[in-house]
Amino acid sequence: MTQPRERRDTLVPMLGLLGLLGGVAGLLVLHVVPPTNAISPVRRTISEYALGQGKWLFDLALLLVAVGSALGFAELARRRAARPLALVLGAVWTVSLLVIVVFTKTDWTVGPSVGGLVHRYASVAAFLSLPLAVLLMAGRVFPRDSLWRWTARGLGALSLLWFGTIVVGAVNMLNGGPPWWRFVPLGLVERMVAGSAVAALVVLLLGLVRSRPQVTEVADRGPARLR
């Protein structure tokens, strides 16, 4: 009885990890194989890959990340290892990825589009929701492992700090400065925002695999304080 339960407890977060890592691998491939390797990772956003021949791989990569994330958050909910707000944020992250796949970013060689506007707002929602969800969940997943707990929180906070540079650029533009997308190396900043947040989620899923008794114990005791 114990072994089947242990296998079940491990299987879902492991599948989530595989989905996340597979999606990240697909995005990395776009950076190094032609013709998408000609896109600047410093100045061009990740969604630029969806405007050319690499769209199928870009979409597949985001779908893998979305499925992996959904599995991870579902397991957190099953173990009662996350507050409702954190699960809502996790759902926002997952749904936003699907919206990004459906609505391609604006192709500025053609002109603005409604789909491109939806894509932009979905991207903002994704960039903010995942790191906030991780910050809320880390204490419950790692109630005693301070190194793992603060690694997850640190990556989540780093993601938000990188996003903050875009906010600074927008405020600076309102005060007469250059356009916000030229204030920072937008492609690099976006990759750091997304990369840090996904890395934080990977740490959480690793916690579900290696710290099952701790997560269950905290859930049974009730809400744990943020430490």
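About the cut-offs
Residues numbered from 1 in each chain as written. Predicted model: local features only at pLDDT ≥ 70, side-chain atom pairs only at ≥ 80, totals over all residues. Heavy atoms only, no water. Helix = DSSP H or I, 4+ residues; strand = E, 2+ residues; numbered from the N terminus. Contact = heavy atoms within 4.5 Å. Areas by Shrake-Rupley, 256 points an atom, 1.4 Å probe, with all protein chains shown as cover. Buried < 20%, exposed > 50% of the residue type's maximum accessible area, 1.4 Å probe, protein only. Core = buried A, V, L, I, M, F, W, Y, C linked by side-chain atoms within 4.5 Å. Patch = residues over 30% accessible without salt bridge, like charges linked within 9 Å, V, L, I, M, F, W, Y side chains within 5 Å. Salt bridge = Lys/Arg side-chain N within 4 Å of Asp/Glu carboxyl O. pLDDT = per-residue confidence, 0-100.

Caption draft 1: Spotlight on the overall build of the protein. If you tally the helices and strands in the protein, you get eight helices and zero strands. Traced from its N-terminal end to its C-terminal end, the protein shows the element sequence α-α-α-α-α-α-α-α. Put simply, of all contacts in the protein between residues at least 6 apart along the chain, 76% involve residues at least 24 apart. As presented, the protein carries roughly 11500 Å² of accessible surface, and 71% of it is formed by carbon and sulfur atoms.

Caption draft 2: Structural context of the environment of Gly 169. Assignment of secondary structure puts Gly 169 in helix 5 (residues 146–174). For the pair Gly 169 and Pro 179, spaced 10 residues apart in sequence, the C-alpha separation works out to 7.4 Å. In this structure, Gly 169 is in contact with Pro 178, Trp 180 and Phe 183, ignoring residues within four places of it in sequence.

Caption draft 3: Representation of the side chain of Ser 159. Mapped onto the elements, Ser 159 comes out in helix 5. The exposure class of Ser 159 is buried, given its relative accessible area of 0%.

Caption draft 4: Region of the structure containing the environment of Gly 164. Topologically, Gly 164 is positioned in helix 5. Its relative accessible area of 23% is what places Gly 164 among the partly exposed residues. Taking C-alpha positions, Gly 164 is 9.7 Å from Val 189, a pair spaced 25 residues apart along the chain.

Caption draft 5: How the structure looks around the nonpolar core. One finds Phe 58, Phe 73, Leu 76, Trp 93, Leu 130, Met 137 and Leu 204 to be the most contacted residues of the largest nonpolar core, which totals 52 residues. Of all the elements in the fold, those that place two or more residues in this core are helix 1 (2–32), helix 2 (55–78), helix 3 (84–102), helix 4 (114–141), helix 5 and helix 7 (186–210). With 13 residues, the single largest contributor to this core is helix 7. In this structure, Trp 93 is in contact with Val 65, Ser 69, Phe 73, Ala 126, Ser 129, Leu 130, Val 198 and Leu 201, ignoring residues within four places of it in sequence.

Caption draft 6: Just a nonpolar patch on the surface, in detail. Together, Leu 11, Leu 15 and Leu 18 make up a nonpolar patch on the protein surface, roughly 290 Å² of accessible area in all. Looking at where Leu 11 falls in the secondary structure, it is placed in helix 1. With relative accessibility at 48%, the residue Leu 11 sits in the partly exposed group.

Caption draft 7: Spotlight on the confidence of the model for the protein. Of the residues in the protein, 89% have a pLDDT of 70 or more, and the chain-wide mean is 88. Averaged over each element, pLDDT in the protein is lowest for helix 8 (residues 212–221) (43) and highest for helix 3 (96). The low-confidence segment residues 213–227 (pLDDT under 50) makes 26 contacts with residues lying over four places distant or belonging to another chain.

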